[in-house]
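What follows is each chain in one-letter form.
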Amino acid sequence: MSFAHHSINYLELTVTDLAAAKAFYGEAFGWQFVDYGPGYSGILAVADQQTSSGESYEVGGLAEAEDPPQSGGPFVILFSHDLEASQRAVETAGGTITVAPYAFPGGKRFHFADPSGNELGVWALPE
């Protein structure tokens, strides 16, 4: 496996309840995890991001902390092939839509908060 120089390689989300975060992201987006002890789980790449040999690799992690995450940091945006289905999945899994879907140049997106209060976005290409 090779890595691109100066590219974003790994993203870590602070969560207040690791089990709840894993359940939320697993249900909403199908994420899978590798546990590294009671307070940390690595996030495995989704199927279409695996290596050509089908190998999974970690793209980030969930780090449990007592204090809730702070707002105002980098904003993580996920891509979706079906924005409405992604919104339903977020809501069904227990997430809160913080910004309703809206159009922007190049597509449409919404924002949501996970059970720990992290705010992320999901975008899709225009229909």
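Here the structure is a predicted model, which is why all the values come from computation and not from measurement. (Residues numbered from 1 in each chain as written. Predicted model: local features only at pLDDT ≥ 70, side-chain atom pairs only at ≥ 80, totals over all residues. Heavy atoms only, no water.)

### Section: the overall build of the chain
When helices and strands are counted, the chain shows two helices and eight strands. Reading the chain from its N end, one meets helices and strands in the order β-α-β-β-β-β-α-β-β-β. On C-alpha atoms alone, the chain measures out to a radius of gyration of 15 Å, which is about the 14 Å that the 2.2 N^0.38 rule sets for 127 residues. The principal-axis extents of the C-alpha atoms in the chain amount to approximately 40 × 35 × 25 Å. Partitioning the intrachain contacts of the chain with sequence separation of at least 6 by distance along the chain shows that 48% fall at a separation of at least 24. Summing over all exposed atoms, the chain offers an accessible surface of approximately 7,700 Å²; the carbon and sulfur share of this is 53%. (Helix = DSSP H or I, 4+ residues; strand = E, 2+ residues; numbered from the N terminus. Rg over C-alpha atoms; globule rule 2.2 N^0.38 Å. Contact = heavy atoms within 4.5 Å. Areas by Shrake-Rupley, 256 points an atom, 1.4 Å probe, with all protein chains shown as cover.)

### Regarding the sheet that holds strand β4 (residues 58-64)
What the four strands build is an open sheet, ordered β1-β4-β3-β2; its pairing is mixed. What marks the edges here is a single partner per strand, and that holds for β1 (11-15) and β2 (33-35). When the angles between neighbouring strand axes are averaged without regard to direction, this sheet yields 25°. The pairing of β2 with strand β3 (residues 40-44) spans three bridges and is antiparallel. Each bridged residue has a counterpart across the sheet, and for phenylalanine 33 the counterpart in β3 is isoleucine 43. (Pairing = 2+ DSSP bridges. Axes fitted to C-alpha atoms, helices over the stretch in contact; angles between N-to-C directions.)

### Regarding the nonpolar core
Counting 21 residues, the largest nonpolar core has Phe24, Tyr25, Leu62 and Phe112 as the members making the most contacts within it. Listed by contribution, the elements that provide at least two residues to this core are β1, α1 (18-29), β5 (76-79), α2 (83-92), β7 (107-113) and β8 (119-124). Excluding its chain neighbours within four sequence positions, the residues that come into contact with leucine 62 are Leu13, Val15, Leu18, Ala21, Lys22, Tyr25, Phe33, Gly39, Tyr40, Ser41 and Ile43. (Core = buried A, V, L, I, M, F, W, Y, C linked by side-chain atoms within 4.5 Å. Buried < 20%, exposed > 50% of the residue type's maximum accessible area, 1.4 Å probe, protein only.)

### Quick look at the side chain of aspartate 114
On the secondary structure map, aspartate 114 appears in the loop between β7 and β8. In this structure the side chain of aspartate 114 is engaged in a polar contact, spanning 2.7 Å, whose partner is the side chain of tyrosine 25. At a separation of 2.8 Å, a polar atom in the side chain of aspartate 114 contacts the main-chain amide nitrogen of serine 116. The contacts of aspartate 114, once residues within four sequence positions are left out, are Phe24 and Tyr25. (Polar contact = N/O pair within 3.5 Å; in protein donor to acceptor, adjacent residues only side chain to side chain.)

### Some details on α1
Spacing of three or four residues puts side chains on the same side of an α-helix, whose turn is 3.6 residues. The first and last C-alpha atoms of α1 sit 16 Å apart over 12 residues, in line with the 16 Å expected at 1.5 Å per residue. Among all positions in α1, only Leu18, Ala21, Phe24, Tyr25 and Ala28 are buried. Along the long axis of α1, the arc covered by the buried residues comes to 130°, so they all point the same way. A distance of 3.2 Å separates the backbone nitrogen of alanine 19 from a side-chain oxygen at the start of α1, and that oxygen is part of aspartate 17. Just beyond α1, the residue with positive phi is glycine 30, at close to 75°. (Expected span 1.5 Å × (residues − 1). Arc of directions from axis to C-beta.)

### Concerning the pattern of salt bridges
A complete count under the given rule lists one salt bridge for this structure. With a shortest N-O distance of 2.7 Å, aspartate 35 and lysine 22 are connected by a salt bridge. Note that aspartate 35 is positioned in strand β2 and lysine 22 in helix α1, a separation of 13 residues in sequence. (Salt bridge = Lys/Arg side-chain N within 4 Å of Asp/Glu carboxyl O.)

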